[in-house]
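# Summary of structural features
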Amino acid sequence: MNESPTPPAIEDVVELRPHTTASLEPLLRWKNDVEIQRLSDDETLVFTREQVAVTLERWMRPSDDIVHLAIGLVGRAEPIGFLHLALIERAHRRCRLGIVIGEKELWGHGYGHQAVERAVEHAFDVLDLGRITAEVFADNPRSVRLLEGVGFVREGVMRESIHRDGQRVDEFVFGLLRHEWPGARK
């Protein structure tokens, strides 16, 4: 009897890694994808290769107040997305999380969930932070489910936070505290 091999578990294939020049082409695509921009940015813009290259160069430099990481799959050179732990405030032991899975055919497969879990572990275990915040537009239910699935709690609503297509859109504020993190109970 011939059985097909079991695919690796998501946690065995998702990795967070520093950006390299391999991030340039995917970032250029994602930053110019209107659907991705609508889900993650305040406005839609067109970015040139040069602008994205400057952004990537900045993301590749070490910083005390932001960690930029590519979301990768083991064995795949190009990233499938990116995330950041931004506005790191050591005195208050907090930061803000942002994530984009840029390869839309990979949406809904659990890669974002695993990437956020790894980012949370990094924030709490490596950076020794006590709080992570994330904001999500109210018209992005996929990101709402992602954050809630990882353990974030909706703490509030910034009503009519952005103006898009003639309408005002709310933005949800989520938070996760270190002592609430399931990984803390290992």
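This section reports on the structure supplied with the text. (Residues numbered from 1 in each chain as written. Predicted model: local features only at pLDDT ≥ 70, side-chain atom pairs only at ≥ 80, totals over all residues. Heavy atoms only, no water.)

## Notes on the pairing of strand β5 (residues 131-137)
Stated formally: The buried label goes to any residue with under 20% of its type's maximum accessible area, the exposed label to any with over 50%, and the partly exposed label to all in between, with areas taken from a 1.4 Å probe on protein chains only. A run of H or I in DSSP counts as a helix once it spans at least four residues, and a run of E counts as a strand once it spans at least two, with each numbered from the N terminus. The criterion for strand pairing is that DSSP finds at least two bridges linking the strands in question. With the strands pointing away from the viewer, any crossover whose connection runs clockwise from the first strand over the helix to the second is right-handed.
Most of β5 is tucked away, with five of its seven residues classed as buried. By the bridge criterion, three bridges tie strand β4 (residues 94-101) to β5 in an arrangement that is parallel. Looking at β5, one finds that Arg94 is bridged to Arg131. Crossover β4 to β5 through helix α5 (residues 111-126) is right-handed. Of the strand pairs in this sheet, β5 and strand β7 (residues 167-177) are connected by seven bridges, and their pairing is antiparallel. Directly across from Ile132, in β7, lies its bridge partner Leu176.

## Points about the sheet that holds strand β1 (residues 14-17)
Rule in force here: Where helices are involved, their axes are fitted lines through C-alpha atoms of the stretch in contact, as for all axes, and angles between N-to-C directions lie from 0 to 180°.
The strand order β1-β2-β3-β4-β5-β7-β6 describes an open sheet built from seven strands, whose pairing is mixed. The open sheet has two free edges, formed respectively by β1 and β6 (153-164), since each of these has just one partner strand. Taking each pair of neighbouring strands and ignoring which way they run, the sheet shows an average axis angle of 25°.

## Re helix α6 (residues 141-150)
Selection criterion: Here the arc refers to the directions that run from the helix axis out to each C-beta atom. Only heavy atoms enter the contact rule, under which two residues are in contact if any of them lie within 4.5 Å.
Within α6, the full set of buried residues consists of Val144, Leu146, Leu147 and Val150. Taken down its axis, α6 places every buried residue within 160° of arc, on the same side. Along its buried surface, α6 packs onto β4, α5, β5 and β7. Among the residues trailing α6, Gly151 stands out with phi positive, at a value near 120°.

## Quick look at the side chain of His68
Topologically, His68 is positioned in strand β2 (residues 67-73). If we ignore the near neighbours within four places in the chain, the residues touching His68 are His19, Trp59, Leu83 and His84.

## Considering helix α2 (residues 24-31)
Along α2, six of the eight residues are buried, which leaves the element largely enclosed by surrounding structure. Of the surrounding elements, those touching the buried residues of α2 are α3 (34-40), α4 (49-60) and β3 (81-89).

## Examining the packing of aromatic side chains
Operational definition: A pair of aromatic rings is counted whenever rings of Phe, Tyr or Trp (Trp by its six-membered ring) have centres within 6.5 Å, and the orientation is called stacked for planes under 30 degrees apart, edge-to-face for over 60 and tilted otherwise.
Taken as a whole and assessed by the stated rule, the structure comprises two aromatic pairs. Between Trp30 and Phe82 the ring centres are 6.2 Å apart and the planes differ by 25°, which places this aromatic pair in the stacked class. Of this pair, Trp30 sits in helix α2 while Phe82 is found in strand β3, placing the two residues 52 residues apart along the sequence. Taking the relative accessible area as the measure of exposure, Trp30 reaches 3% and is therefore buried. Look at Phe82 and you get buried, because its relative accessible area is 11%. Summarising the aromatic geometry, the rings of Trp59 and Phe82 are spaced 5.0 Å apart at their centres and angled 45° between planes, so their arrangement reads as tilted. With Trp59 in helix α4 and Phe82 in strand β3, this residue pair connects regions lying 23 residues apart in the sequence. Chaining the aromatic ring pairs together yields one cluster made of Trp30, Trp59 and Phe82.

## Digging into the nonpolar core
Condition: To form a nonpolar core, buried Ala, Val, Leu, Ile, Met, Phe, Trp, Tyr and Cys residues must be joined to one another through side-chain atoms within 4.5 Å.
Membership of the largest hydrophobic core comes to 46 residues, with the highest contact counts inside it found for Leu85, Leu97, Val120, Ile132 and Phe152. Of all the elements, α5 adds the most residues to this core, at seven residues. Discounting chain neighbours no more than four positions away, the residues touching Val120 are Ile132, Val150, Phe152, Leu176 and Trp181.

## Looking at the pattern of salt bridges
We apply this condition: In the sections that follow, a salt bridge refers to a side-chain nitrogen of Lys or Arg positioned within 4 Å of a carboxyl oxygen of Asp or Glu.
Under the definition given, this model contains 13 salt bridges. When the shortest N-O distance is used, the salt bridge between Glu103 and Arg29 registers 2.4 Å. Taken as a pair, Glu103 in the loop between β4 and α5 and Arg29 in helix α2 lie far apart in primary sequence, 74 residues in all. For Glu103, a relative accessible area of 8% translates into the label buried. According to the relative accessible area criterion, Arg29 is partly exposed, its value standing at 41%. The shortest N-O distance in the salt bridge between Arg178 and Asp128 comes to 3.0 Å. Here Arg178 is found in the segment after β7, whereas its partner Asp128 is found in the loop between α5 and β5, with 50 residues between them in sequence. Accessibility expressed as a relative area gives 29% for Arg178, which makes it partly exposed.

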